[in-house]
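Inside the fold
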Amino acid sequence: MTVSSVIIVGAGPAGIGVASLLEQTGIDYVILEKKVIGTSFLKWPKRMEMITPSFPSNAFGQMDLNSICESTSPGFSFKKEHLTGKEYGEYLVSVVDYFNIKGQTNTEVQKVTKQKEGWRLETNQGSFYCKYLIWATGEFQNPKTSNILGSKYSIHSSSIKDCKSLKGDDFIVVGGYESGVQIAYELIENNKKVTVINPDKIDDKYTSDPSKVLSPYTHEKYQKIKSSQAYKEVLGEVTSISEKGSSYELLLADNTIIKTQNKPICATGFSLVIKPLEQLITYRKDGSPKLQEQSDESVSYTHLTLPTIYSV
């Protein structure tokens, strides 16, 4: 069994950012990563980019908005503001090299159990034990479509690496937030027609909350396509998708039925990957983990932390 004071699960921005701090303090730790460093970003669609601009914010030395630790700047490293997933993955690797961060790739955590003084993790590479467990697995690898009956008849937007590979000329996109507008923009650029179905008007949000309104970067793309003859917007909530012969039907909450010849594209977001420890988590009413506000530590068990960085 491998014993460490701290185990961080996930070698994405949250996990590596925390590890960079621990490395500087001398605290014993190890990162366990299911695949390779920055896997989620390496799986991004080819043209997906960071929505936040990347550069140090002023002359007083504040960090780059997309930096995960001091003295690094993805913007300066790549000399561009909006990095692709591949580029950001390379940035994460450079941080690991710069801080000599200790990690073990190709190590999948399969089960987590609470021990008297800490945590035991069973993996495909053996057992690990720690006093403090930081769960930083992110969300991109866990597409969320569970609220739509028959979602198996759809394609999640994250699985489309390049819109040029899609056969067909007319597509329905379910969801009009960042991913939905991005995929609609790319489809129209590739001379395809798009209908976006969203519960609310996309550009009718009087808030600065980034979880409810498009980023300026994506809104600029939306402005380019919304006046296009190839673009159509439908207000409604998709409740189910069904296959009808060689076509598909989408049922909306108001019983409206929309038909399409091509598999619908779901741009419906992601969920935190927590399967190996879900029995240890207390949940809020909205289904998200309930954490202590000051520390992001579990309200049920001490020494269990779930940091998440929203960078996309």
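Residues numbered from 1 in each chain as written. Predicted model: local features only at pLDDT ≥ 70, side-chain atom pairs only at ≥ 80, totals over all residues. Heavy atoms only, no water.

1. A few points about the packing of helix H1 (residues 13-25) against helix H4 (residues 85-99)
Each pair of packed helices can be summarised by the angle the axes make with each other and by the distance between the axes. Two numbers describe how H1 lies on H4: the axes approach to 10 Å, and their chain directions differ by 15°. Here H1 is positioned roughly parallel relative to H4, judged by the angle of their axes. Our pair here, H1 against H4, has a crossing hand that is left-handed. On H4, the residues touching Pro13, Ile16, Ser20, Glu23 and Gln24 of H1 are Tyr88, Leu92, Val95, Val96 and Phe99. A breakdown of the residues in the contact of H1 with H4 according to their chemical character gives seven nonpolar, two polar and one charged. (Axes fitted to C-alpha atoms, helices over the stretch in contact; angles between N-to-C directions. Helix = DSSP H or I, 4+ residues; strand = E, 2+ residues; numbered from the N terminus. Parallel < 35°, antiparallel > 145°, perpendicular 65-115°, else oblique. Left-handed = near helix turned anticlockwise from the far one by under 90°. Contact = heavy atoms within 4.5 Å. Nonpolar A, V, L, I, M, F, W, Y, C, P; charged D, E, K, R; others polar.)

2. Topic: the packing of helix H5 (residues 178-189) against helix H6 (residues 216-225)
One can describe the packing of H5 onto H6 by two numbers: an axis separation of 9 Å at closest approach and a directional angle of 45°. Relative to H6, the element H5 lies oblique. Both H5 and H6 take part in a crossing whose hand is left-handed. Side by side, H5 and H6 meet where Glu178, Val181, Gln182, Ala184, Tyr185 and Ile188 of the first sit next to Thr218, Lys221, Tyr222, Lys224 and Ile225 of the second.

3. Structural notes on the pairing of strand E5 (residues 119-123)
Here E5 shows a buried face lined by Trp119, Leu121 and Thr123 and an unburied face lined by Arg120 and Glu122. One ladder, built from five bridges, connects strand E4 (residues 109-114) with E5; its direction is antiparallel. The partner of Val112 across the bridge, within E5, is Leu121. Remark: four residues form the turn of the hairpin made by E4 and E5, two consecutive strands paired antiparallel. Relative to strand E6 (residues 126-135), E5 runs antiparallel, the two being bridged by five bridges. Opposite Arg120, over in E6, you have Tyr129 as the bridge partner. Count of turn residues in the E5/E6 antiparallel hairpin: two residues. (Buried < 20%, exposed > 50% of the residue type's maximum accessible area, 1.4 Å probe, protein only. Pairing = 2+ DSSP bridges.)

4. What about the nonpolar core?
Formed by 27 residues in total, the largest nonpolar core has its most connected members in Ile8, Ile16, Ile68, Tyr88, Val95 and Ile101. Those elements that provide at least two residues to this core are strand E1 (2-9), H1, strand E2 (29-32) and H4. Take this core: its biggest share by element is six residues, from H4. Grouped together as the second largest cluster of nonpolar side chains are 20 residues, Ile183, Tyr185, Ile188 and Ala267 included. (Core = buried A, V, L, I, M, F, W, Y, C linked by side-chain atoms within 4.5 Å.)

5. Focus: the sheet that holds strand E9 (residues 193-198)
Read from one edge to the other, the open sheet built from five strands follows the order E7-E14-E8-E9-E10, with strand pairing classed as parallel. Here the strands that pair on one side only, and so sit at the sheet edges, are strand E7 (155-156) and strand E10 (231-235). Pairing between strand E8 (residues 170-174) and E9: five bridges, direction parallel. Bridged to Ile172 within E9 is Thr195.

6. Structural notes on the sheet that holds strand E12 (residues 247-252)
If you trace the three strands from one edge of the open sheet to the other, you get E11-E12-E13, paired in antiparallel fashion. In this open sheet, the two strands that pair with only one neighbour each are strand E11 (238-244) and strand E13 (257-260). Strand-to-strand twist of the sheet, defined as the mean angle between neighbouring strand axes without regard to direction, takes the value 20°. The sheet contact formed by E12 and E13 spans four bridges and is antiparallel. Within E13, the position partnered with Glu249 by the bridge is Lys259.

7. Looking at unusual backbone geometry
Not every positive phi belongs to a glycine, and Ser71 is a case in point at roughly 70°. In this structure Ser71 comes out as exposed when scored by relative accessible area, which is 60%. The phi angle at Asn100 is positive, at roughly 55°, despite the residue not being glycine. Tracing the sequence through the fold places Asn100 in the loop between H4 and strand E3 (103-104).

8. Regarding the pairing of E9
Judged by how many residues are buried, E9 sits mostly within the fold: five of six residues are covered. For the crossover from E8 across H5 to E9, the handedness is right-handed. Where E9 and E10 come together, five bridges link them in parallel fashion. By the bridge assignment, Asn198 is partnered in E10 with Leu235. With H6 bridging E9 and the parallel E10, this β-α-β connection has right-handed handedness. (Right-handed = clockwise from strand over helix to strand, strands pointing away.)

9. What to know about the packing of aromatic side chains
Geometrically, a pair of aromatic rings is defined through the distance of the ring centres and the angle of the planes. Summed over all chains, the structure comprises seven aromatic pairs. Ring centres 5.0 Å apart and planes at 35° place the aromatic pair Phe140 and Phe270 in the tilted group. In this pair, Phe140 is assigned in the loop between E6 and E7 and Phe270 in the loop between strand E14 (265-266) and strand E15 (304-305), connecting sequence segments 130 residues apart. You'll find Phe140 and Phe270 in the same group, each marked buried. (Phe/Tyr/Trp six-rings, centres within 6.5 Å; stacked < 30°, edge-to-face > 60°.)

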